[in-house]
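For reference, the chains in residue letters:
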Amino acid sequence: MEYTNRDDVVRELQQSFQPLMTKYGIEDIGVFEEQGQKDIYHMGYTIRKEGKTYMIHTPYLMKEEGQLAPGKDLWTVETDEANTDDVSGFDNLDDALQSI
């Protein structure tokens, strides 16, 4: 398993902002980060589309030194809307983005 530092992951995510905005009609985009349970760390995007906010992320494994390695290649879509459940299990980012 190959680990990289957090800044490299963030940089890679940021490089895809403009292409994703154009392809999916996204109004605003940023990096999403959240510490999960134990050694899981979630990284992905915070997206605003059609006035709604979504957090789309995938898990990484984190070493104590803060280095990250990709975890399961599954994406989750969360929203900040009440009474809306998270949707998990997207095989790739495109499928997750097409769902919103």
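Structural data are supplied above this passage.
Below is a summary of the structure that appears in this document. Because the structure is predicted, anything quoted here is derived from the model rather than measured. (Residues numbered from 1 in each chain as written. Predicted model: local features only at pLDDT ≥ 70, side-chain atom pairs only at ≥ 80, totals over all residues. Heavy atoms only, no water.)

## Observations regarding the pattern of salt bridges
Side chains that differ in charge, positive against negative, can pair when their charged atoms come close. Condition: Whenever a carboxyl oxygen of Asp or Glu lies within 4 Å of a side-chain nitrogen of Lys or Arg, that contact is scored as a salt bridge. A simple rule labels every residue: compare its accessible area, found with a 1.4 Å probe on the protein chains alone, to the largest value its type can have, and call it buried under 20%, exposed over 50%, or partly exposed in between.
Evaluated as defined, the whole model comprises seven salt bridges. A salt bridge links Arg-6 to Asp-7; its shortest N-O distance comes to 2.7 Å. Overall, Arg-6 belongs to the partly exposed group, its relative accessible area being 30%. One connected set of salt bridges, linked through shared partners, spans Arg-6, Asp-7 and Glu-33.

## Focus: helix α1 (residues 6-15)
Here is the rule we go by: Put simply, DSSP H or I for four residues or longer makes a helix, DSSP E for two residues or longer makes a strand, and each gets a number counted from the N terminus. In this description, the arc belongs to the directions extending from the helix axis to the C-beta atoms. Pairs of residues are marked as contacts when any of their non-hydrogen atoms sit within 4.5 Å. Pairs of N or O atoms within 3.5 Å make up the polar contacts considered here, provided that, within protein, one atom can donate a hydrogen while the other can accept it, and that residues adjacent in sequence are counted only when both atoms are side-chain atoms.
Along α1, the residues classified as buried are Val-9, Val-10 and Leu-13. Down the axis of α1, the buried set is contained in an arc of 100°. They therefore lie on one face. Exposed residues on α1 whose side chains face more than 90 degrees from its buried face are Glu-12 and Gln-15. Contacts made by the buried residues of α1 are with α2 (17-24), β1 (28-35), β2 (40-49), β3 (52-62) and β4 (68-70). A distance of 3.1 Å separates the backbone nitrogen of Asp-7 from a side-chain oxygen at the start of α1, and that oxygen is part of Asn-5.

## A closer look at the side chain of Ser-16
Take Ser-16: it is sitting in the loop between α1 and α2. For Ser-16, a relative accessible area of 18% gives the class buried. Separated by 2.7 Å, the side chain of Ser-16 and the backbone oxygen of Leu-13 make a polar contact.

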